[in-house]
Amino acid sequence: MRKLKWGAQLAAAIGLACVCAGAIAADERFVVSADGQEVLDTKTSLVWRRCVEGMQWDGKACKGKATRYKFGEAKQRADAAAPAQGKAWRVPTKDELSTLVIKQKKKPMTDKEAFPNTPPSLQWAKRPGFDDNLNGWMIDFGSGKGFGGSGAKESVRLVRDK
């Protein structure tokens, strides 16, 4: 019986070590800018806005309410943000946005340190190869699933190339 107890403790310790190792790897993937406004994904070489549009970084977390846009409006928001900040912000493709989804039990399904207070809801993306207002795609950060569409009003997280 004592061996079984020691075995269970060893298994728990190994399990904890694996969980911790996974967290370290996830933390190393995302590098937050000095001002806290942007996040570099070292796996994809994409730079993300830390907060979805409408929310603001306050030095500790994303605060406020996410602005919801129709797909065409989300693209207009990206077009307006690019020259205003001198950076080539855009709506991500569905494949790019999907890289931020981390399957886990707690919502939202993304790295909560890199992207704090991400709404566990749909975010706009575009279909690769299409740049019209009819080929919107939504990634649900509550379930991790993707959906096609363009008429709903959803939030958007802008991205740019490194």
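Refer to the structure presented above.
Presented here is a report on the structure given in the accompanying data block.

Conventions we followed
- Residues numbered from 1 in each chain as written.
- Predicted model: local features only at pLDDT ≥ 70, side-chain atom pairs only at ≥ 80, totals over all residues.
- Heavy atoms only, no water.
- Phe/Tyr/Trp six-rings, centres within 6.5 Å; stacked < 30°, edge-to-face > 60°.
- Helix = DSSP H or I, 4+ residues; strand = E, 2+ residues; numbered from the N terminus.
- Buried < 20%, exposed > 50% of the residue type's maximum accessible area, 1.4 Å probe, protein only.
- Lys NZ or Arg CZ within 6 Å of the ring centre and 35° of its normal.
- Expected span 1.5 Å × (residues − 1).
- Contact = heavy atoms within 4.5 Å.
- Disulfide = S-S within 2.5 Å.
- 1 Å grid on protein atoms, 1.4 Å probe; cavity = no way out; pocket = protein on both sides within 12 Å on 5 of 7 lines; lining within 4 Å.
- Points joined across faces, edges and corners; volume = space filled by probe spheres on them.
- Nonpolar A, V, L, I, M, F, W, Y, C, P; charged D, E, K, R; others polar.
- Pairing = 2+ DSSP bridges.
- Salt bridge = Lys/Arg side-chain N within 4 Å of Asp/Glu carboxyl O.
- Axes fitted to C-alpha atoms, helices over the stretch in contact; angles between N-to-C directions.

Here we come to the packing of aromatic side chains. Evaluated as defined, the whole model comprises 2 aromatic pairs. With 5.4 Å between their ring centres and 80° between their planes, F30 and F115 make a pair best called edge-to-face. Within this pair, whereas F30 is found in strand β1 (residues 30-32), its partner F115 is found in the loop between α3 (94-98) and β6 (122-126), the two being separated by 85 residues in sequence. Overall, F115 belongs to the buried group, its relative accessible area being 1%. Its guanidinium or amino end placed over the ring of W57, R50 lies 3.9 Å from that ring's centre, counting from NZ or CZ. Sitting over the face of the ring of W89, R160 holds its NZ or CZ atom 5.3 Å from the ring centroid.

Take helix α2 (residues 71-85) next. Relative to the 21 Å expected for 15 residues at 1.5 Å per residue, α2 spans 21 Å between its end C-alpha atoms, a close match to the ideal helical length. Among the structural elements, β3 (46-49), β6 and β7 (136-140) are those in contact with the buried residues of α2. Taken from the residues just after α2, G86 is the one with a positive phi, measuring 70°.

In this section: the state of the cysteines. In the structure shown here, the tally under the stated rule is 1 disulfide. The disulfide bridge from C51 ends at C62, spanning 2.1 Å between sulfur atoms. On the S-S bond that ties C51 to C62, the torsion sits near -90°, and the link is left-handed. Of the two residues, C51 is situated in the loop between β3 and β4 (55-57) and C62 in strand β5 (residues 62-64); the sequence distance between them amounts to 11 residues. Here C62 falls in the buried class, since its relative accessible area comes to 1%.

Okay, the layout of surface pockets next. The volume enclosed by the largest pocket comes to roughly 240 Å³. What lines the largest pocket is a set of 16 residues, and nearest its centre among them are Q37, R49, E53, Q56 and Q85. Every element with two or more residues in the lining of the largest pocket is listed here: β4 and α2. Looking at which element gives the most residues to the lining of the largest pocket, the answer is β4, with 3 residues. Considered class by class, the residues forming the lining of the largest pocket number 5 nonpolar, 4 polar and 7 charged.

Moving on: the pairing of β6. Within β6, 5 of the 5 residues are buried, which leaves the element mostly enclosed by the surrounding structure. Side chains L122, W124 and K126 project from β6 onto one buried face, and the interleaved Q123 and A125 project onto a second face that is buried too. Relative to β7, β6 runs antiparallel, the two sharing 5 bridges. Looking at β7, one finds that Q123 is bridged to I139.

Below, the discussion takes up the pattern of salt bridges. Counted under the stated rule, the structure contains 9 salt bridges. Put simply, E38 and R160 hold a salt bridge, and the shortest N to O gap is 2.8 Å. Remark: R160 occurs in strand β9 (residues 159-161) and E38 occurs in strand β2 (residues 38-41); sequence separation between them is 122 residues. The exposure class assigned to E38 is buried, which follows from its relative accessible area of 11%. The salt bridge involving E154 is made with R68; its shortest N-O contact spans 3.8 Å.

Moving on: the sheet that holds β2. Reading across the sheet, the 4 strands line up as β1-β2-β3-β9 and stay open at both edges, with antiparallel pairing between neighbours. Looking at which strands have only one partner, the edges of the open sheet turn out to be β1 and β9. Sheet twist, expressed as the mean angle between neighbouring strand axes with direction ignored, is 25°. Bridge analysis of β2 against β3 gives 4 bridges, and the strand direction is antiparallel. Paired with E38 across the bridge in β3 is R49.

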